[in-house]
Amino acid sequence: MRRPDFSQAKFETDLVLKRQVEAVRRDGARVEAIVVEDYRVSFLWDGARWSITVPAGFQAAPSVPPRLHGLVPFWGALFEASIVHDWCYWTRCFDPHSAGGSGRRSADKLLCGLMRAGGASMADAGEVFMAVHLFGGDRYQVNQFRPDNHLAPC
């Protein structure tokens, strides 16, 4: 039996951020923080172990669409997972590996897998998945695939 996508997600390094106070913008979204040290996660995907490293210096914008900030909790497991999700959207790292243009869906599924690994309930992870999947398309479409995306098999 095939395992579900993005199972056994792990936070391999601590998330170290610098809060961005100034109203800096990246791709039309307000930057919330700057990653200070490389931030690495790993997960099972498509039968193999993979990792993504968000490099130091990355300017993280919110993964939860602004119109949902009052409805969707943006802290804890979601905040840590959202940094990786934001990187996945910005680099479109799953595009070459996902058939039929489902790279965005893969990024959204990884967000949920990381939230669950961080202790979020299935209900919270499902709520966030629906929010980003229904309202995050604009954020995804403004970006193009970047080969330096740090997605690699372990």
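Given the structure is predicted, the values throughout are model-derived calculations rather than measurements.

Another aspect to go through is the packing of helix α2 (residues 103-117) against helix α3 (residues 122-135). The relative placement of two packed helices is expressed as an angle between their axes plus a distance between the axes. One can describe the packing of α2 onto α3 by two numbers: an axis separation of 9 Å at closest approach and a directional angle of 155°. In terms of axis orientation, α2 runs roughly antiparallel to α3. Both α2 and α3 take part in a crossing whose hand is right-handed. Along the contact surface, α2 presents R104, R105, D108, K109, L111, C112, M115 and R116, while α3 presents M122, D124, A125, V128, F129, V132, H133 and L134. Residue composition of the contact of α2 with α3, grouped by class: nine nonpolar, one polar and six charged.

We now examine a nonpolar patch on the surface. Residues M130, L134 and F135 make up a contiguous nonpolar surface patch of about 290 Å² in total accessible area. Mapping F135 onto the fold places it in helix α3.

Counted at 1.5 Å a residue, the expected span for α3 with its 14 residues is 20 Å, and the 20 Å between its end C-alpha atoms agrees. Those residues of α3 that sit buried are A125, V128, F129, A131 and V132. When α3 is viewed along its axis, its buried side chains cluster within an angular range of 165° and face the same direction. Along α3, exposed side chains directed more than 90 degrees from the buried face belong to M122, A123 and L134.

Procedures and definitions
Residues numbered from 1 in each chain as written. Predicted model: local features only at pLDDT ≥ 70, side-chain atom pairs only at ≥ 80, totals over all residues. Heavy atoms only, no water. Axes fitted to C-alpha atoms, helices over the stretch in contact; angles between N-to-C directions. Helix = DSSP H or I, 4+ residues; strand = E, 2+ residues; numbered from the N terminus. Parallel < 35°, antiparallel > 145°, perpendicular 65-115°, else oblique. Left-handed = near helix turned anticlockwise from the far one by under 90°. Contact = heavy atoms within 4.5 Å. Nonpolar A, V, L, I, M, F, W, Y, C, P; charged D, E, K, R; others polar. Patch = residues over 30% accessible without salt bridge, like charges linked within 9 Å, V, L, I, M, F, W, Y side chains within 5 Å. Areas by Shrake-Rupley, 256 points an atom, 1.4 Å probe, with all protein chains shown as cover. Salt bridge = Lys/Arg side-chain N within 4 Å of Asp/Glu carboxyl O. Expected span 1.5 Å × (residues − 1). Buried < 20%, exposed > 50% of the residue type's maximum accessible area, 1.4 Å probe, protein only. Arc of directions from axis to C-beta.

This is a description of form; function is not addressed.
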